[in-house]
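# Architecture and fold: a report
Here is what each chain is made of, one letter per residue.
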Amino acid sequence: QVQLVESGGGLVQDGGSLRLSCAASGIAFRISTMNWYRQAPGKQRELVAGITSSGGTNYADSVKGRFTISRDNAKNTVYLQMNSLKPEDTAVYYCNAEVSIFSLITYWGQGTQVTVSS
């Protein structure tokens with residue numbers, strides 16, 4: 001059974017920091033591309049950051065220089081360190097795994113709420 005379990009969300013003030021974690025089980029984590037998406041009320045889900053199996057990273061322009069994605073293959077966990085948070089970062093953050101063996105399969109976590117107060 002595949003599970004992506006996010007944690008670390010919460011309420012933080014403008015300029016504060018949070019670290020999100022996503023613990024994966026039931027997938028070939030080491031060969032998976034792991035991503036963080038977010039969805040604010042009334043908006044489409046958007047890619048925030050991604051990290052490939054080899055450690056390559058990409059970020060949305062809106063979070064570059066403030067967010068850092070990392071992974072620990074020994075723990076099957078991906079992290080999102082979020083610094084200098086802004087009210088516009090308020091959203092539900094979702095962990096996503098992309099596994100490509102014979103075809104591309106995508107898995108989603110249940111999401112964790114991040115609220116940044118001004």
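Let us look at the structure shown here.

Conventions used here
Residues numbered from 1 in each chain as written. Predicted model: local features only at pLDDT ≥ 70, side-chain atom pairs only at ≥ 80, totals over all residues. Heavy atoms only, no water. Patch = residues over 30% accessible without salt bridge, like charges linked within 9 Å, V, L, I, M, F, W, Y side chains within 5 Å. Areas by Shrake-Rupley, 256 points an atom, 1.4 Å probe, with all protein chains shown as cover. Salt bridge = Lys/Arg side-chain N within 4 Å of Asp/Glu carboxyl O. Helix = DSSP H or I, 4+ residues; strand = E, 2+ residues; numbered from the N terminus. Pairing = 2+ DSSP bridges. Axes fitted to C-alpha atoms, helices over the stretch in contact; angles between N-to-C directions. Disulfide = S-S within 2.5 Å. Buried < 20%, exposed > 50% of the residue type's maximum accessible area, 1.4 Å probe, protein only. Core = buried A, V, L, I, M, F, W, Y, C linked by side-chain atoms within 4.5 Å. Contact = heavy atoms within 4.5 Å.

## Looking at a nonpolar patch on the surface
A surface patch of nonpolar side chains, amounting to about 410 Å² of accessible area, comprises Ile31, Ile101 and Phe102. Of note, Phe102 is situated in the loop between β9 (91–100) and β10 (104–108).

## Here's the deal with the sheet that holds strand β3 (residues 18–25)
Pairing is antiparallel in the open sheet, where 4 strands are placed in the order β1-β3-β8-β7. Of all the strands in the sheet, the pair left with one neighbour each is β1 (3–7) and β7 (67–72). Taken pair by pair, the neighbouring strands of this sheet meet at an average axis angle of 15 degrees, ignoring direction. Bridge analysis of β7 against strand β8 (residues 77–82) gives 6 bridges, and the strand direction is antiparallel. Note on β8: the bridge partner recorded for Phe67 is Met82.

## A closer look at the state of the cysteines
Summed over all chains, the structure comprises 1 disulfide. Disulfide partner of Cys22: Cys95, at an S-S distance of 2.1 Å. Between Cys22 and Cys95, the S-S torsion sits near -80 degrees, and that sign places the bridge as left-handed. Residue Cys22 is found in strand β3, and its partner Cys95 is found in strand β9; the two are separated by 73 residues along the sequence. Here the two residues Cys22 and Cys95 agree in accessibility, since each one is buried.

## What about the nonpolar core?
The biggest cluster of nonpolar side chains holds 28 residues, and the ones touching the most others in it are Met34, Trp36, Leu80, Met82 and Tyr93. Within the residue set of this core, elements represented by two or more residues are β3, β4 (33–39), β5 (46–51), β7, β8, β9 and β11 (112–117). Those residues in contact with Tyr93, other than ones at most four positions away along the chain, are Glu6, Leu20, Trp36, Tyr37, Arg38, Val48, Phe67, Leu80, Met82, Gly111, Thr112 and Val114.

## A short note on the pattern of salt bridges
With the rule as written, the count across this model stands at 4 salt bridges. Ionic pairing is found between Glu46 and Arg38, a salt bridge with its closest N-O pair at 2.7 Å. What makes Glu46 partly exposed here is its relative accessible area of 33%. By relative accessible area, Arg38 is classed as buried at 6%. For Arg66, the salt bridge identified is with Asp89, shortest N-O distance 2.8 Å. Here Asp89 lies in the loop between β8 and β9 and Arg66 lies in the loop between β6 (57–59) and β7, a separation of 23 residues in the sequence. The exposure class assigned to Arg66 is buried, which follows from its relative accessible area of 10%. Looking at Asp89, the relative accessible area reads 1%, which means it is buried. Three or more residues joined by partner-sharing salt bridges are found here, namely Arg38, Glu46, Arg66 and Asp89.

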